[in-house]
Amino acid sequence: MIDLNKLNKKIDKLFESETSDSLTKWLLNKRFGNISILLGNGKFVSMKSQKTPLFIPKKKVNFNQKDDNSSNTPPINRLAA
Amino acid sequence: MTFYHTQENRNITLDEPIKCTKNNAWLGEAYYFWENEDDAVFWGIKFKNKTGKYDIYKTEVVFDDILDTVFNREHYFFWIKQIEKAAKYFVKKTGTKPTLKEINDFFTDRGIWKEINGILFQDISENPVHFMVKEFQYKKRIQLALYNKEKIINFALSYSG
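Rules of the game
- Residues numbered from 1 in each chain as written.
- Chains lettered and ligands numbered in written order.
- Predicted model: local features only at pLDDT ≥ 70, side-chain atom pairs only at ≥ 80, totals over all residues.
- Heavy atoms only, no water.
- pLDDT = per-residue confidence, 0-100.
- Helix = DSSP H or I, 4+ residues; strand = E, 2+ residues; numbered from the N terminus.
- Expected span 1.5 Å × (residues − 1).
- Buried < 20%, exposed > 50% of the residue type's maximum accessible area, 1.4 Å probe, protein only.
- Contact = heavy atoms within 4.5 Å.
- Lys, Arg positive; Asp, Glu negative; His and termini not counted.
- Salt bridge = Lys/Arg side-chain N within 4 Å of Asp/Glu carboxyl O.
- Buried area = accessible area lost by both parts, 1.4 Å probe.
- Polar contact = N/O pair within 3.5 Å; in protein donor to acceptor, adjacent residues only side chain to side chain.
- Nonpolar A, V, L, I, M, F, W, Y, C, P; charged D, E, K, R; others polar.
- 1 Å grid on protein atoms, 1.4 Å probe; cavity = no way out; pocket = protein on both sides within 12 Å on 5 of 7 lines; lining within 4 Å.
- Points joined across faces, edges and corners; volume = space filled by probe spheres on them.
- Core = buried A, V, L, I, M, F, W, Y, C linked by side-chain atoms within 4.5 Å.

Participant: Lay out the confidence of the model for chain A in plain terms, naming residues and giving numbers.
Facilitator: Looking at chain A, the pLDDT average stands at 74 and 48% of residues meet or exceed 70. Across chain A, element-level confidence peaks in helix α1 (residues 4–17) of chain A with a mean pLDDT of 94 and bottoms out in helix α4 (residues 75–80) of chain A with 56.

Put into C-alpha cells, the structure is as follows:
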C-alpha cells in the first residue's frame, strides 16, 4: 500500500533542497541534452523584442505616392523604354 | 489485472513491452498499457500504422503500489496536489512551465517514484465508437504507465490488425 503522507513529505523535501540552478540545469538537460556545458547555468529568461533606433527610418514611406516617372504606361514598358 | 499494449507489427513477436520514451508520453518514460482492448485497437489503427499492421499484446499486471488516479479518490487528489506543487516550483525556480512528462521524469530521476510501480491515468477517447450518446463523452480512456517491469506477467500477443 502506498504511504501517501510519506510520499508527500518526500516531495516537499525534494523541492526544498532543489535550487534554481539545479532545477534549471535538470530541465535544460532534459529538453536539449547536455546543453548546459555550452550555455552555463542560469534561469530561463523571457526575451522581449525591442526596436533599435538605428534601423528606424525617420521618414515614413508612402507607398501610395506616385513617383516622378508615373504615367499611364505600365511600369514594364517604361523599363523597356 | 488485465491490460493491453499496442505496437506496430514489425514481423517480430515481442517477449516484453517496449518502453515509451517519446516527448509526448504523459507520465514520463514508462511501459504504457490500455485498460480497454478497444482503446488499444483504436490506437493501433490510428497511430501505430507505419508498417500497415499493428499488434495488440495482452498481459496481466500485478496491481501493487500503483497510484490509481482513476478510481481511487485519495490517490487522485494526492496526484493533483503533487503535479501542481511541482509545476509551481518549476515556474518559480526556473521561469518556465514544465510538461507533465517532465514532472514525472523529474520524480523518477530524483527517486520519488521508486515508492510506486506505476500510475493509472485517464483522458477522453477520440474513438467514435465510444460516442454512443449525444453531446457528451461519458467513457474514460484509461492508461497504465508502469515504471516497474517486474510487475508484468504472462505478456503475450493477442491480436494482429
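There's plenty left to go through after this.
Participant: Describe in detail helix α2 (residues 20–32) of chain A, supporting the description with residues and values.
Facilitator: The end-to-end C-alpha distance of α2(A) is 18 Å, a good match for the 18 Å that 13 residues give at a rise of 1.5 Å each. Within α2(A), burial applies to Leu23(A), Thr24(A), Trp26(A), Leu27(A) and Leu28(A). Those residues of α2(A) that are buried lie in contact with α2 (73–94) and α3 (100–109) of chain B. Two residues or fewer past α2(A), Gly33(A) is found with a positive phi of approximately 80°.

Participant: Outline the side chain of Lys48(B), supporting the account with residue identities and numerical values.
Facilitator: Residue and element names in this part refer to chain B. Residue position: Lys 48 is located in the loop between α1 (37–47) and β4 (54–61). Here Lys 48 sits buried without a salt bridge, and the closest side chain of opposite charge, Glu 8, lies 5.3 Å off (N-O distance). Among residues more than four places away in sequence, those in contact with Lys 48 are Thr 6, Gln 7, Glu 8, Lys 22, Trp 43, Lys 53 and Tyr 54.

Participant: Help me get a handle on the interface of chain A and chain B, residues and values and all.
Facilitator: Taken residue by residue, the interface counts 23 residues in chain A and 32 residues in chain B. Taking both sides of the interface into account, the surface hidden between chain A and chain B amounts to around 2600 Å²; carbon and sulfur atoms contribute 63%. Considering only the side of chain A, the residues that lose the most area to chain B are Ile2(A), Phe15(A) and Trp26(A), jointly responsible for 26% of the buried surface there. Between Lys30(A) and Asp105(B) there is a salt bridge; the shortest N-O distance is 3.5 Å. The interface formed by chain A and chain B holds 14 residue pairs in polar contact (both at pLDDT 80 or more) in total. Sorting the residues of the side of chain A that touches chain B by element identifies α1 and α2 of chain A as the ones contributing at least two each. Per-element tally for the side of chain A that touches chain B: the top contributor is α1(A), with 9 residues. Residue classes in the side of chain A that touches chain B are distributed as 11 nonpolar, 5 polar and 7 charged.

Participant: Quick one: what's the story with the layout of surface pockets, residue by residue and with numbers?
Facilitator: Residue and element names in this part refer to chain B. Computed from the structure, the largest pocket encloses a volume of approximately 710 Å³. As for the largest pocket, its lining consists of 26 residues, and the residues nearest its centre are Gln 7, Cys 20, Lys 22, Trp 43 and Lys 48. Mapped onto the lining of the largest pocket, the elements with two or more residues apiece are β1 (2–8), β2 (19–20), β3 (30–34), α1, β4 and β7 (140–146). The biggest single contributor to the lining of the largest pocket is β1, with 4 residues.

Participant: Any chance you could break down the environment of Arg10(B) for me, citing the residues and the numbers?
Facilitator: Position of Arg10(B) relative to the elements: it lies in the loop between β1 and β2. Within polar-contact distance, the side chain of Arg10(B) engages the side chain of Glu8(B) at 2.3 Å.

Participant: Describe in detail the nonpolar core, supporting the description with residues and values.
Facilitator: Counting 29 residues, the largest nonpolar core has Leu67(B), Phe107(B) and Trp113(B) as the members making the most contacts within it. Elements that contribute at least two residues to this core include exactly α1 and α2 of chain A together with β3, α2, α3 and β6 (118–124) of chain B. For Leu67(B), the contacting residues outside a window of four places in its chain are Ile2(A), Leu4(A), His75(B), Phe78(B), Trp79(B), Trp113(B), Ile116(B), Gly118(B), Ile119(B) and Leu120(B). In this structure, Tyr31(B), Tyr57(B), Leu120(B) and Leu146(B) belong to the second largest nonpolar core, which totals 13 residues.

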